[in-house]
Amino acid sequence: MGRWRSVTLVTVPNPLRPSDPVEIAAGACVLLANHLELLAHQLREQALDDFARDRLADAAERVRQALDIVTAAAGAALPNAPQAVAAPVAQAAQAVPPPRQAPAGRVPVTATIVTWTRPRQRREGNRFVDTGQRVVLKVHVSLDGSRTMCGCDIPDHATVVATTPDWHLHTNCYNCAYRLWPDHAPVGYIRPADSRDFPLRTECPHYQGRGIDAKGCVTCTPAAARNWPCPRGCADPADHDPGHRFTNCTVSPPQRPLGPDGRCVGVCESTDAAMRRANPGFFYDLADSAIMYCYHCGHPLPLWA
């Protein structure tokens, strides 16, 4: 057995929880400023309704009142306190940007659509040589005519495609569209997800402002009819609604006579096999039990018994 030793407990203050109110206030102001700077870009991209704007206005007013109190306390330094103590709080209070209201709808702007080419090169040994051909680059958007929205300087040999407010119908540059979207988003279009999401997709009119593709709406893009064209000559695709398991022209095979014991006289036939036999050329998304039970007597097939 070991011997007990006397242990002295020493309490160490936690550096993650400052006890100085000035440090707490300064840290809270800096943290708030950092969060607001990160959220400012996201708030500009969203279509805010009246309820969301009222919530943001109330929260901003509450923050403004608290900052006024902190600023007043930082300006009125105590006689026995150094002036450097109030500096972090005052700097943190001034670092909070004023709330910026998101633009309501699209802001029309006349943009210049430009594009240019570069020589196509091929590798020969350790160097690249021109092939005499030109490679067409992206179609960019410029607001000042000298620099694109993605940050490229427009060369002298660039070609002006158009000067129009409908920039979204011409460009295929993701960076240009990404930077134009917060303030000049086109109405009725979905923001591109990547550089392959061009031309821009149209927004579903039934869910305006929610960024839902028209191809994902069952009303705008109804599902294709199942088992169409119909082998039996149906003329209306509504008779082959994909939301229903069976079509209107589906034929149900007749039931076989059963024996005294309630089972089939001959070999049992599964529901899947019976439906396929009565409806050649059709595909039915049946349940798994359609191959486990007999269509005529309802008993389990020998393989599943």
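The preceding data block contains the structure.
Here's a quick rundown of the structure. (Residues numbered from 1 in each chain as written. Predicted model: local features only at pLDDT ≥ 70, side-chain atom pairs only at ≥ 80, totals over all residues. Heavy atoms only, no water.)

Before going further, it helps to examine the overall build of the chain. Regarding its fold elements, the chain presents 5 helices and 5 strands. Walking the chain from its N terminus toward its C terminus, one meets helices and strands in the order α-α-α-β-β-β-β-β-α-α. A total of 305 residues make up the chain; the buried ones form 25% of that total. Of the contacts made within the chain by residues no fewer than 6 positions apart, 52% connect residues no fewer than 24 positions apart. As displayed, the chain has an accessible area near 21,400 Å², and 56% of this comes from carbon and sulfur atoms. (Helix = DSSP H or I, 4+ residues; strand = E, 2+ residues; numbered from the N terminus. Buried < 20%, exposed > 50% of the residue type's maximum accessible area, 1.4 Å probe, protein only. Contact = heavy atoms within 4.5 Å. Areas by Shrake-Rupley, 256 points an atom, 1.4 Å probe, with all protein chains shown as cover.)

Within a sheet, adjacent strands bond to each other through the backbone by hydrogen bonds, running parallel or antiparallel. Read across the open sheet, the 3 strands follow the order β4-β1-β5; overall the sheet is antiparallel. The open sheet terminates on both sides in strands that have one partner only, identified here as β4 (140–142) and β5 (159–164). Pairwise comparison of adjacent strand axes, ignoring direction, gives a mean angle of 30 degrees for this sheet. Two strands pair when backbone bridges link them, and strand β1 (residues 111–115) and β4 are joined in this way by 3 bridges, in the antiparallel orientation. Bridge pairing in β4 places threonine 112 opposite serine 142. (Pairing = 2+ DSSP bridges. Axes fitted to C-alpha atoms, helices over the stretch in contact; angles between N-to-C directions.)

As a further point, take the nonpolar core. Counting 13 residues, the largest nonpolar core has Ile113, Val141, Trp167 and Cys176 as its most contacted members. Secondary structure elements with two or more residues in this core: β1 and α4 (174–184). Broken down by element, the residue count for this core peaks at 4 residues, all from α4. Apart from residues lying up to four places away in sequence, cysteine 176 is in contact with His140, Val141, Thr148, Met149, Cys150 and Thr171. The next biggest cluster of nonpolar side chains, apart from the first, holds 7 residues, and it includes Cys230, Cys249, Met275 and Phe282. (Core = buried A, V, L, I, M, F, W, Y, C linked by side-chain atoms within 4.5 Å.)

Right, let's talk about unusual backbone geometry for a bit. Here the residue pair phenylalanine 198 and proline 199 is connected by a cis peptide bond, since its omega of -5 degrees sits within 30 degrees of zero. As for its position among the elements, proline 199 is in the loop between α4 and α5 (271–278).

Further remarks concern the environment of valine 139. As for its placement among the helices and strands, valine 139 is situated in the loop between β3 (127–136) and β4. When the C-alpha atoms of valine 139 and tyrosine 174 are compared, they prove to be 9.8 Å apart, with 35 residues separating the residues in sequence. Excluding residues within four positions of it along the chain, valine 139 makes contact with Ile113, Val114, Thr115, His170, Thr171, Asn172 and Cys173.

This part covers the pattern of salt bridges. Within this structure, the stated rule accounts for 9 salt bridges. Put simply, arginine 196 and aspartate 194 hold a salt bridge, and the shortest N to O gap is 3.7 Å. A residue is classified by how much of its surface remains accessible, and arginine 196, at 72% relative accessible area, is exposed. The exposure class of aspartate 194 is partly exposed, given its relative accessible area of 30%. Between aspartate 272 and arginine 276 there is a salt bridge whose closest N-O contact spans 3.1 Å. Of this pair, aspartate 272 and arginine 276 are both found in helix α5, 4 residues apart, which corresponds to roughly one turn of the helix. In this structure aspartate 272 comes out as buried when scored by relative accessible area, which is 17%. (Salt bridge = Lys/Arg side-chain N within 4 Å of Asp/Glu carboxyl O.)

Time to look at the pairing of strand β2 (residues 117–124). Examined bridge by bridge, β2 and β3 share 7 bridges and lie antiparallel to one another. Bridging across to β3, proline 119 finds its partner in arginine 134. What sits between the antiparallel neighbours β2 and β3 is a turn of 2 residues, in which glycine 125 has the positive phi angle 70 degrees.

On to the environment of cysteine 249. As for its position among the elements, cysteine 249 is in the loop between α4 and α5. Taking C-alpha positions, cysteine 249 is 9.4 Å from glycine 233, a pair spaced 16 residues apart along the chain. Aside from chain neighbours lying at most four places away, what touches cysteine 249 is Cys230, Arg232, Cys234, His240, Asn279 and Phe282.

Our next topic: the packing of aromatic side chains. The geometry of an aromatic ring pair is captured by the separation of the ring centres together with the interplanar angle, meaning the angle of the planes. The final tally for this structure, using the stated rule, is 2 aromatic pairs. Residues tryptophan 167 and tryptophan 181 carry aromatic rings whose centres are separated by 6.3 Å and whose planes lie at 85 degrees to one another, so their mutual orientation is edge-to-face. Residue tryptophan 167 is found in the loop between β5 and α4, and its partner tryptophan 181 is found in helix α4; the two are separated by 14 residues along the sequence. Owing to a relative accessible area of 1%, tryptophan 167 belongs among the buried residues under this scheme. Relative to tyrosine 178, the ring of tyrosine 174 lies with its centre 5.9 Å away and its plane at 40 degrees, an arrangement referred to as tilted. Pair noted here: tyrosine 174 and tyrosine 178 are both in helix α4, with a separation of 4 residues, about one helical turn. For tyrosine 174, a relative accessible area of 25% corresponds to the partly exposed category. (Phe/Tyr/Trp six-rings, centres within 6.5 Å; stacked < 30°, edge-to-face > 60°.)

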